[in-house]
Amino acid sequence: MVVALHGAYLPRMGPHNNRDGRVKGFIPSRACHPEGLRAVLVGEDGYVVAELDRPEPGPGEIVVRMLSCGLCGTDVEKLEGRYRGSKPVVGHEAAGVVAALGEGVEGFREGELVVPHHHVNCGSCYYCLRGSPTMCPSYREYNFVPGGFSEYFSVPRWIVERGGVHVPPPGLSAREACLAEPTACVLRALRRIRFYEPSSYAVVGLGPMGLTFIQLARWAGAELVIGIDVNPARVSAAERYGAVGLLAGVEDDVAEVERLTGGRGVDAAFVAAGSPAALSRAISITRRGGVVCLFAVPPHGSSLSHDLSDLIVREVSIISSNAATDREMAEALQLLANGVVDARGMITHTYSIGEFGRALETFKSGTGIKILITP
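Residues numbered from 1 in each chain as written. Predicted model: local features only at pLDDT ≥ 70, side-chain atom pairs only at ≥ 80, totals over all residues. Heavy atoms only, no water.

The subject of this paragraph is helix H4 (residues 180–192). The terminal C-alpha atoms of H4, which comprises 13 residues, lie 18 Å apart, in line with the 18 Å expected from a rise of 1.5 Å per residue. Taken residue by residue, H4 has Ala180, Glu181, Pro182, Thr183, Ala184, Cys185, Val186, Leu187, Arg188, Ala189 and Leu190 as its buried positions. (Helix = DSSP H or I, 4+ residues; strand = E, 2+ residues; numbered from the N terminus. Expected span 1.5 Å × (residues − 1). Buried < 20%, exposed > 50% of the residue type's maximum accessible area, 1.4 Å probe, protein only.)

Laid out in structure tokens, this is it:
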């Protein structure tokens, strides 16, 4: 469905949102370009492709012409009303070229390829100073306007001033560079469990995040990485990246993991599938004294059906990891440029904004790995 609107959608909570956060109206922006644009927005029942006025940058802002934007599982969950961890804005894995610079912006030029980070922490609050930057109260206050699935979007001053707009290394295309944000998230998750000095890992869920974790774990020196999924094609992809692939539901993955680890289980398990069952499976295949990293976001209201005494008796720790900082964003771009993460190999489908419905169908069918949206 295409909706024609005059004025730019401002993605903030307020009277223009339903109680569940879905859009029911639009607020005109301060300044709009007379030319229009198309953008995917969260609607009352799924998504809408809206025709909006093109934004003009305010002081300190940057307007980006989108070239590629990755479709993330949280985007789909927002459209379905299953994710409430941030505001109802879709499209955050974006790369594009600078279209316009607001007053006072320095260090960028029009036409330059950039990868903006949609969330940036303040760096000075209680959480930032105690090693929890992604829990900063300001971290999710700002986002791309109207979102990354838009022909043009503006980057707020807060993000620009705090170094949240990155210039990728030479030779990295927009298609590859837009994988920086998911790579950064996985990199931070890997670091959050390095305290346990794992040498063996299991990855439960082999979508683009799980496959990225396999590649980063191998890069970090893992001796053994086991990839588990119900999708045979994704298991094969994990094997291409150096993992031992196990097909869940066909093979006894618990017994096979024990066999591969001398009866112990893995040192660390990475949960890259957003279901409580995946977390339970990860706990079961982790050794005594090991760690499980909960990475994928289960639907709002989910609960865990697992013998909790098992966690104590076997001293299995669960550590969650949510999002990334601009430190990881910069490092992720370099890892992509160096070929540590195979962006080209993981990108399987590309759809235009007008084909967004087909992109969702491909995502839900599980036939692709990484799906990109282009203008």
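Here we take up the packing of H4 against helix H5 (residues 208–219). Their axes nearest at 9 Å, the elements H4 and H5 cross at an angle of 55 degrees. With respect to their mutual orientation, H4 and H5 come out oblique. Note on packing geometry: the crossing formed by H4 with H5 is right-handed. Contact residues: H4 offers Pro182, Thr183, Cys185, Val186, Leu187 and Leu190, while H5 offers Met209, Thr212, Phe213, Leu216, Ala217 and Trp219. Residues that form the contact of H4 with H5 fall into these classes: ten nonpolar, two polar and no charged. (Axes fitted to C-alpha atoms, helices over the stretch in contact; angles between N-to-C directions. Parallel < 35°, antiparallel > 145°, perpendicular 65-115°, else oblique. Left-handed = near helix turned anticlockwise from the far one by under 90°. Contact = heavy atoms within 4.5 Å. Nonpolar A, V, L, I, M, F, W, Y, C, P; charged D, E, K, R; others polar.)

Moving on, we get to empty space enclosed by the protein. Counted by the stated rule, this structure contains one cavity of 30 Å³ or more. Considering only enclosed or pocket space, the largest cavity measures out at about 40 Å³ in volume. Contributing to the lining of the largest cavity are Leu179, Pro182, Thr183, Pro208, Met209, Thr212, Met346 and Lys370. In terms of residue count, H5 provides more of the lining of the largest cavity than any other element does, three residues in total. Of the residues in the lining of the largest cavity, the class split is five nonpolar, two polar and one charged. (1 Å grid on protein atoms, 1.4 Å probe; cavity = no way out; pocket = protein on both sides within 12 Å on 5 of 7 lines; lining within 4 Å. Points joined across faces, edges and corners; volume = space filled by probe spheres on them.)

Pairing is parallel in the open sheet, where six strands are placed in the order E11-E10-E9-E12-E13-E14. A single partner strand is all that each edge strand has here, and the edge strands are strand E11 (244–247) and strand E14 (317–320). Averaged over neighbouring strand pairs, the angle between their axes works out to 20 degrees when direction is ignored. Relative to strand E10 (residues 224–229), strand E9 (residues 200–204) runs parallel, the two being bridged by five bridges. Paired with Ser200 across the strands is Leu224, a residue of E10. Sheet strands in contact with helix H7 (residues 253–260) are E10, E11 and strand E12 (266–271), and its direction is about 170 degrees off that of E10. (Pairing = 2+ DSSP bridges.)

By the secondary structure assignment, Glu93 is in strand E5 (residues 93–101). A polar contact of 2.6 Å, which involves the side chain of Glu93, links it to the side chain of Lys370. Not counting the four nearest positions on each side in its chain, Glu93 is found in contact with Ser68, Cys69, Gly70, Leu71, Cys72, Cys178, Glu181, Pro182 and Lys370. (Polar contact = N/O pair within 3.5 Å; in protein donor to acceptor, adjacent residues only side chain to side chain.)

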